[in-house]
Amino acid sequence: MGAVLLLAWPGQIPAAIDVLLQPLVVLMKALLLLALAAVLRGLVGLLLTQWASHPAVRSDHRARRRQRYLSLLRVLRRLVNLACLLLFALWTVRGIPVLRDLSTNAVLASGAVLGALALVFQGLLRDFVAGLVLLLDDRYAIGDWVEITGRSGEVMDVGVLSTELRCADQRVVVVPNSHCEQVVNHTKLRSGAEVTLLLPRSLTDLGGAMAVIAEELAAFGSDAHWAARLLEPPRLLGLEAMTEDDLQVKALLITQAGQQGEARRALLGRLVERLQGWPQQPGEPPGSGF
């Protein structure tokens, strides 16, 4: 309609033709930027694949590289899409005949508007910058089990603005990246777990009980099923605390990333079974246990 009106106006035929061609020009720009985005996404994937599979990476760091590869690939592809979308918007606006010949004052005024928008959306900008820092600093990656702002769960997605956690009860928690200042990562390169045993305070043969625990720890460490998941043999830390009724004895497990929970439960079960058959007091029949 605007082009028809311009054609009816004397001396505005070039402008009318320009307006008529605008949809075709916008379509060509969109197709060009779509192709550019596809090429950039493929290039990002190729570079990250080479980085993740570099032969110089230590064998114990390869799994971590794979985790970081998944996180970086997802975020960088999103950034490529966002950059191409912004470029398309600027390119399209710049091609509008009315806006093409804006004065310097109008350009400065638009810059002031952008500054005001930056102040309005400063929370989003803070989340965006924090997300880039989190990725580059390798605080966590997809697949890690972390604690953030009192919530613990598996990292399902690391976005440019927020991080998505799936808790043990399968609830999904979305945490803004600017709130991820203090992060506890349980699965970065390796994992660990403390095993706490409660012995009765009336126990008279503490040394014998400790020897039984140490023996079971050694047997657990030499078990072929668990030895492959352990990075170090289970370590007896000893007596850690004493309450009104109990003595607290702790042992330490250091496992491959993510294996600590299953190993801890298995070891605790074996220790309970072993101590149940160990006499508590002199003169008690074998098998009376704790």
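Up top is the structure these notes are about.
Residues numbered from 1 in each chain as written. Predicted model: local features only at pLDDT ≥ 70, side-chain atom pairs only at ≥ 80, totals over all residues. Heavy atoms only, no water.

(A) Highlighting helix 9 (residues 260-276). For helix 9, spanning 17 residues, the distance from its first C-alpha to its last is 24 Å, which sits close to the expected 24 Å at 1.5 Å a residue. Every buried residue of helix 9 is listed here: Q260, A263, L267, L271 and L275. Take helix 9 and look down its axis: the buried residues cluster within an arc of 90°, on one side only. Exposed residues on helix 9 whose side chains face more than 90 degrees from its buried face are R265 and E273. Those residues of helix 9 that are buried lie in contact with strand 6 (190-200), helix 7 (206-222), helix 8 (224-227) and strand 8 (246-256). (Helix = DSSP H or I, 4+ residues; strand = E, 2+ residues; numbered from the N terminus. Expected span 1.5 Å × (residues − 1). Buried < 20%, exposed > 50% of the residue type's maximum accessible area, 1.4 Å probe, protein only. Arc of directions from axis to C-beta. Contact = heavy atoms within 4.5 Å.)

(B) Fine view of the layout of surface pockets. By volume, the largest pocket is sized at about 490 Å³. Contributing to the lining of the largest pocket are 19 residues, with T187, L189, Q256, A257 and G258 lying nearest its centre. Contributions of two or more residues to the lining of the largest pocket are made by helix 3 (62-94) and helix 9. For the lining of the largest pocket, the leading source of residues is helix 3, giving 3 residues. (1 Å grid on protein atoms, 1.4 Å probe; cavity = no way out; pocket = protein on both sides within 12 Å on 5 of 7 lines; lining within 4 Å. Points joined across faces, edges and corners; volume = space filled by probe spheres on them.)

(C) Local environment of the packing of aromatic side chains. The full count for this structure, using the stated rule, is 1 aromatic pair. Arranged with centres 5.4 Å apart and planes meeting at 25°, the rings of F220 and W226 form a pair that is stacked. According to the relative accessible area criterion, W226 is buried, its value standing at 8%. (Phe/Tyr/Trp six-rings, centres within 6.5 Å; stacked < 30°, edge-to-face > 60°.)

(D) Local environment of the pattern of salt bridges. Scanning the entire structure with this criterion turns up 16 salt bridges. As a salt-bridge pair, E216 and R270 come within 3.1 Å of each other at their nearest N and O atoms. Of this pair, E216 sits in helix 7 while R270 sits in helix 9, and the two are 54 residues apart along the sequence. On the basis of relative accessible area, E216 is assigned to the buried category, the value being 8%. As a salt-bridge pair, E262 and R229 come within 3.1 Å of each other at their nearest N and O atoms. (Salt bridge = Lys/Arg side-chain N within 4 Å of Asp/Glu carboxyl O.)

(E) Broad picture of the sheet that holds strand 1 (residues 145-148). If you trace the 5 strands from one edge of the open sheet to the other, you get 4-3-2-1-5, paired in antiparallel fashion. Across the chains shown, the open sheet's two edge strands, defined by having one partner strand only, are strand 4 (172-176) and strand 5 (183-185). On average, each strand axis in the sheet is tilted by 40° relative to the strand beside it, whichever way the strands run. Judged from the 3 bridges that link them, strand 1 and strand 5 form a sheet pairing that is antiparallel. Following the sheet pairing, V146 is matched in strand 5 by N185. Against the sheet, helix 3 touches strand 2 (151-158) and strand 5, its axis set at about 60° to strand 2. (Pairing = 2+ DSSP bridges. Axes fitted to C-alpha atoms, helices over the stretch in contact; angles between N-to-C directions.)

(F) Structural detail: the environment of T187. Mapped onto the elements of the fold, T187 is located in the loop between strand 5 and strand 6. T187 gets classed as buried once you look at its relative accessible area, which sits at 6%. The spacing of T187 and Q256 is 69 residues in sequence and 8.2 Å in space, taken between C-alpha atoms. Reaching out from T187, the side chain makes a polar contact with the side chain of D144 at a distance of 2.9 Å. (Polar contact = N/O pair within 3.5 Å; in protein donor to acceptor, adjacent residues only side chain to side chain.)

(G) The arrangement of the sheet that holds strand 8 in detail. The sheet built from 3 strands is open, its strands ordered 6-8-7 with antiparallel pairing. Both outer strands of the open sheet, strand 6 and strand 7 (235-242), are each paired with one neighbouring strand and no more. Ignoring which end each strand starts from, the neighbouring axes of this sheet average 25° apart. Pairing of strand 6 with strand 8, which is carried by 11 bridges, proceeds in the antiparallel orientation. Note that in strand 8 the partner of S191 across the bridge is T255. On top of the sheet, helix 7 reaches strand 6, strand 7 and strand 8; it is set at about 145° to strand 7, its chief contact. Helix-sheet contacts for helix 9 involve strand 6 and strand 8, and the interaxial angle to strand 6 is about 25°.

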